[in-house]
Amino acid sequence: MGHPTKIQLINRKSSQQWYVNIPHAVAEALELDRGEIWEWIIEDKDQMVLRRQIPSDSPIKKKRHNTMED
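Residues numbered from 1 in each chain as written. Predicted model: local features only at pLDDT ≥ 70, side-chain atom pairs only at ≥ 80, totals over all residues. Heavy atoms only, no water.

Peer 1: Help me understand the overall build of the chain in this model?
Peer 2: Regarding its fold elements, the chain presents one helix and four strands. Along the chain, from the amino end to the carboxyl end, the secondary structure elements read β-β-α-β-β. A buried classification covers 3% of the 70 residues belonging to the chain. Restricting the contact set of the chain to residue pairs at least 6 apart, pairs at least 24 apart contribute 2%. By element, 52% of the accessible surface of the chain is carried by carbon and sulfur atoms, the whole surface being about 7600 Å². (Helix = DSSP H or I, 4+ residues; strand = E, 2+ residues; numbered from the N terminus. Buried < 20%, exposed > 50% of the residue type's maximum accessible area, 1.4 Å probe, protein only. Contact = heavy atoms within 4.5 Å. Areas by Shrake-Rupley, 256 points an atom, 1.4 Å probe, with all protein chains shown as cover.)

Peer 1: Which parts of the structure should I look at to understand the pattern of salt bridges?
Peer 2: Side-chain pairs of opposite charge can arise whenever the charged atoms involved come near each other. By the definition in use, this model includes two salt bridges. The partner of E36 in a salt bridge is R52, and the shortest N-O contact between them spans 2.6 Å. Here R52 lies in strand β4 (residues 47–52) and E36 lies in the loop between α1 (24–30) and β3 (38–44), a separation of 16 residues in the sequence. Classification of E36 as partly exposed rests on a relative accessible area of 26%. (Salt bridge = Lys/Arg side-chain N within 4 Å of Asp/Glu carboxyl O.)

Peer 1: Would you take a moment to explain a nonpolar patch on the surface for this structure?
Peer 2: The grouping of I7, L9, W18, V20, I22, W40, I42, M48 and L50 at the surface amounts to a nonpolar patch, some 920 Å² of accessible area in total. At the level of secondary structure, the elements contributing two or more residues to the nonpolar patch comprise β1 (7–11), β2 (16–20), β3 and β4. Note on placement: I7 falls in strand β1. Judged by its relative accessible area of 53%, I7 is exposed. (Patch = residues over 30% accessible without salt bridge, like charges linked within 9 Å, V, L, I, M, F, W, Y side chains within 5 Å.)

Next up, the structure:
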């Protein structure tokens, strides 16, 4: 499910800052903590990835199963 978000621009005397707000439902789903460090990865002009610098421990362990039969 997507969550539309507007990009905000704050003009200051000596600089500009761009802001992206994270909707509350997304923050809860990601279990965000105040002060966490995240990294923006630019895939192309239409797509960015936001990645947590210190990965959280996932309650779901992903396992790869070999589906090929011998």
